[in-house]
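# Breakdown of the fold
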Amino acid sequence: MVDAPKYVNEKVKIGVWLTNKRSSGKIAFLQLRDGSAFFQGVVVKNNVTPEVFELAKEVKQETSMWVTGIIHEDSRSKFGYEIEIETIEVISEAHDYPITPKEHGIDFLMDHRHLWLRSSRPHAVMRIRNEVIKATYDFFNDEGFIKIDAPILTGSAPEGTTTLFHTEYFDRDAYLSQSGQLYEEAGAEAFGKVFSFGPTFRAEKSKTRRHLIEFWMIEPEMAFMHQEESLEIQERYIAYLVTRVLKNCEMELKTLDRDPEVLKKYTILPYPRISYDEAIDMLKKGGFDLEWGVDFGSPEETFLADQFNQPVFVINYPKAIKPFYMKPHPTRDDVVICADLLAPEGYGEIIGGSERATDYNYLYDQIVKAGLDPKEYSWYLDLRKYGSVPHSGFGLGLERALTWLTGEDHVREAIPFPRLLNRIYP
Ligand code: 4AD
Ligand code: MG
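Not measured: the values here are computed from a predicted model.

## A word on the overall build of the chain
A count of helical and extended segments in the chain gives 13 helices and 16 strands. Along the first, second and third principal axes, the C-alpha atoms of the chain reach 85 × 55 × 40 Å. Looking at the 426 residues of the chain, the share that counts as buried comes to 50%. Partitioning the contacts of the chain with sequence separation of at least 6, the portion at a separation of at least 24 is 67%. Of the roughly 20,000 Å² that the chain leaves accessible, carbon and sulfur atoms contribute 51%. In the chain, which carries 50 positive and 67 negative side-chain charges, the distance between the mean positions of the two groups comes to 4 Å.

## Notes on the sheet that holds strand E14 (residues 338-343)
Pairing is mixed in the open sheet, where eight strands are placed in the order E6-E10-E11-E16-E15-E14-E13-E12. Each having just a single partner strand, strand E6 (146-147) and strand E12 (273-275) make up the two edges of the open sheet. In the sheet, strand E10 (residues 193-201) pairs with strand E11 (residues 214-223) via nine bridges, with the strands oriented antiparallel. Looking across to E11, one finds that Lys 193 is bridged to Met 222. Each of E6, E10, E11 and strand E16 (391-397) touches helix H4 (residues 120-142); the most contacted strand, E10, lies at about 150° to it. Strands E11, E12, strand E13 (312-315), E14, strand E15 (348-355) and E16 of the sheet are contacted by helix H6 (residues 227-248), whose axis makes an angle of about 30° with E16.

## What to know about the packing of helix H5 (residues 181-191) against helix H12 (residues 378-385)
H12 packs onto H5 with a crossing angle of 35° between their chain directions and a minimal axis gap of 10 Å. By crossing handedness, the relation of H5 to H12 is classed as left-handed. Between H5 and H12, the contacting residues are Gln 181, Leu 182, Tyr 183, Glu 185, Ala 186 and Glu 189 on the first element and Trp 379, Tyr 380, Leu 383 and Arg 384 on the second. Residue composition of the contact of H5 with H12, by class: six nonpolar, one polar and three charged.

## Considering the confidence of the model for the chain
Averaged over the chain, the pLDDT score is 97; the fraction of residues at 70 or greater is 100%. As scored by the predictor, the complex reaches a pTM of 0.97 and an ipTM of 1.00.

## Some words on the packing of helix H9 (residues 276-285) against helix H10 (residues 298-306)
Contact geometry for H9 and H10: axes closest at 10 Å, N-to-C directions at 95°. Judged by the inter-axis angle, H9 sits roughly perpendicular to H10. Two secondary-structure elements touch here, H9 through Ala 279, Met 282 and Leu 283 and H10 through Glu 300, Phe 303 and Leu 304. For the contact of H9 with H10, the residue count by class is five nonpolar, no polar and one charged.

## Considerations on the site of ligand 1
Within the structure, ligand 1 sits among 23 residues, and Glu 159, Gln 181, Arg 202, Glu 219 and Glu 349 are positioned closest to it. In the model, an oxygen atom of ligand 1 is placed 2.8 Å from a nitrogen or oxygen of the Arg 202 side chain. Within the backbone of Ile 351, a nitrogen or oxygen atom sits 3.5 Å from an oxygen atom of ligand 1. Burial of ligand 1 by the surrounding chains reaches 94%, relative to a free accessible area of 630 Å². Counting only elements with at least two residues in the shell around ligand 1, the list comes to E11, E15 and E16.

## Re the UniProt feature "domain: Aminoacyl-transfer RNA synthetases class-II family profile" (unreviewed entry) in the chain
As annotated in UniProt, the feature "domain: Aminoacyl-transfer RNA synthetases class-II family profile" (unreviewed entry) corresponds to residues 126-426 in the numbering used here. Along residues 126-426 one finds 36% helix and 20% strand; the C-alpha atoms at either end are 17 Å apart.

## Regarding the packing of aromatic side chains
Tallied over the entire structure, the rule returns 26 aromatic pairs. Residues Tyr 271 and Phe 313 carry aromatic rings whose centres are separated by 6.5 Å and whose planes lie at 45° to one another, so their mutual orientation is tilted. Residue Tyr 271 is found in the loop between helix H8 (260-264) and E12, and its partner Phe 313 is found in strand E13; the two are separated by 42 residues along the sequence. What makes Tyr 271 buried here is its relative accessible area of 2%. Using a relative accessible area of 0% as the deciding quantity, one classes Phe 313 as buried. Aromatic side chains Tyr 276 and Trp 292 sit 5.5 Å apart centroid to centroid with 90° between the ring planes, which places their arrangement in the edge-to-face category. You can see Tyr 276 sitting in helix H9 and its partner Trp 292 sitting in the loop between H9 and H10, a full 16 residues away along the chain. The exposure class assigned to Tyr 276 is buried, which follows from its relative accessible area of 0%. On the accessibility criterion, Trp 292 (36% relative accessible area) is partly exposed.

## Overview of the nonpolar core
One finds Phe 140, Tyr 237, Ile 238, Leu 396 and Trp 404 to be the most contacted residues of the largest nonpolar core, which totals 45 residues. The element best represented in this core is H6, accounting for nine residues. If near-sequence neighbours (up to four positions away) are discounted, Trp 404 is found in contact with Ile 238, Val 242, Arg 258, Tyr 266, Pro 311, Ala 343, Pro 344, Glu 345, Tyr 347 and Ile 350. Leu 182, Ile 274, Phe 296 and Val 336 belong to the second-largest nonpolar core, a separate cluster that totals 30 residues.

Conventions used here
Residue indices follow the written sequence of each chain, beginning from 1 at its first position. Chain A is the first chain written and ligand 1 is the first ligand written, with later ones labelled in order. Owing to the predicted nature of the model, reporting of local features is limited to residues with pLDDT of at least 70; listing and counting of side-chain atom pairs is limited to 80 or more, with chain, interface and lining totals taken over all residues. The basis for the side-chain values is all heavy atoms of the structure; hydrogens and waters are excluded. A run of DSSP states H or I qualifies as a helix once it reaches four residues; a run of E qualifies as a strand once it reaches two. Both are numbered from the N-terminal end. Think of it in three bands: residues with accessible area under 20% of the maximum for their type are buried, residues over 50% are exposed, and the middle band is partly exposed, with areas taken using a 1.4 Å probe on protein chains only. Residue contacts are counted whenever heavy atoms from the two residues lie within 4.5 Å of one another. For accessible areas, the Shrake-Rupley method is used with a probe of radius 1.4 Å. Any residue's cover is judged against the shown protein chains and nothing else. Positive charges come from Lys and Arg alone, negative charges from Asp and Glu alone, with His and the N- and C-terminal ends not counted. To locate a charge, take atom NZ for lysine, CZ for arginine, CG for aspartate or CD for glutamate. When DSSP locates at least two bridges between a pair of strands, those strands are taken to pair. To get an axis, fit a line to the C-alpha atoms, keeping to the stretch in contact for a helix; angles then go from 0 to 180 degrees between the N-to-C directions. Note: crossing handedness is left-handed where the near helix turns anticlockwise from the far helix by less than a right angle, and right-handed where it turns clockwise. Each residue is assigned to one of three groups, with Ala, Val, Leu, Ile, Met, Phe, Trp, Tyr, Cys and Pro labelled nonpolar, Asp, Glu, Lys and Arg labelled charged, and all others, Gly among them, labelled polar. Confidence of the predictor at the level of single residues is captured by pLDDT, which takes values from 0 to 100. Each angle is binned into one of four classes, with values under 35 degrees roughly parallel, values over 145 roughly antiparallel, values of 65 to 115 roughly perpendicular, and all other values oblique. The near set for a molecule or strand comprises every residue that places at least one heavy atom within 4 Å of it. We define a polar contact as two N or O atoms separated by no more than 3.5 Å, with the added condition that, inside protein, one atom must be a possible hydrogen donor and the other a possible acceptor, whereas residues neighbouring each other in sequence contribute only through side-chain atom pairs. UniProt positions are given in the numbering used here, feature names are shortened, and annotations may be inferred rather than shown by experiment. Centres within 6.5 Å are what make two rings of Phe, Tyr or Trp a pair, Trp counting through its six-membered ring; a difference in plane orientation under 30 degrees is then read as stacked, over 60 as edge-to-face, and the rest as tilted. Among buried residues, those of type Ala, Val, Leu, Ile, Met, Phe, Trp, Tyr and Cys that are joined through side-chain atoms within 4.5 Å constitute a nonpolar core.

Shown next as structure tokens:
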């Protein structure tokens, strides 16, 4: 039905499911979906056989059917088209579909995620997710990046050992990937500009609106590049995603009540940049009781983002709270050359990135200090032994970005089957 405009006033046969219905003595309105869209089917008693009208009145929610009828424009519906039904052929009857048009609690809906995906809100979010993925491939390919897939089973822990998912790899230990970054760094020295897009895993014991156990990350890595140029790519990438969603997901944004005018502001570049030091000052002035050196949680990130109308980069965090691979500051030994991009409207960090340490000895020491075994990282250290170059990269959490773009209030809405602290079902 997404291609309904091509078939106006024409007779079509489509496979549909019933989502809702109402009828009077003379007319039945069937709310239908065909997978691509939600629309109305109208059955007029006088224009169909008695059997068809009877069926239209009786048919149960989520019954699948073939319907034939004429496509009409319908300015009152969100979708803009409806079908005037002539015949109905039931494919498979459904009885007592658990998700009714009334309100359900979130646990109930999550338990029925396999069915809930059929509803209009998750449907709209997943279509926007698809657009963002497509736009990501377009953006990076157009910018001369090559997609280099990183492994999922690894022996490395780029983002700290506390959130590792352990597994067995025959007779040795392995972990599910926390980040593809280290492999992308190898990729950058082979191909110049690379990106990965894949699932990543964090055994985070935190139950927040922003944390998934399994999430998808886009990780570009660029050789011969310092932080500032990387920030420029990041902001152009985000503005491009917003532009593509505005262009191709108008109906979905409407379904989600996400105001396009709000999103439009985020296409204006550049995004502001503040240092971690400045962020601390702003927070203190805003009444936060904290000291230089702490990491920001959700209240701090929300406060900082609220000071701006656009996403904001916070650059150069304390070395002590960031991973081992970040480039040390040239004149200060307490901060590293990194940046987090904070989304507006309380959505928090959507990108984490940095320039990478290039010096072999420095990196070796940092690996040891992080409590990691340098032998496990000798391949990574090789990258500093043979033609090390300045390089930078970043990771965008797909679901974090989508939660913001769609205006949803929890990151679980942005992935088809969320893995949460207490949920691995369905
Ligand atoms: O800031 P993070 O941990 O950075 C990295 O993993 C780097 N290795 C990326 C790189 O430079 N190549 O994670 C990057 C992003 C975060 O900004 C956030 O959007 C998302 O990944 N993220 C999560 N999303 C959902 N649930 C979680 N538990 C997440 N942890 C991080
Ligand atoms: Mg981070």
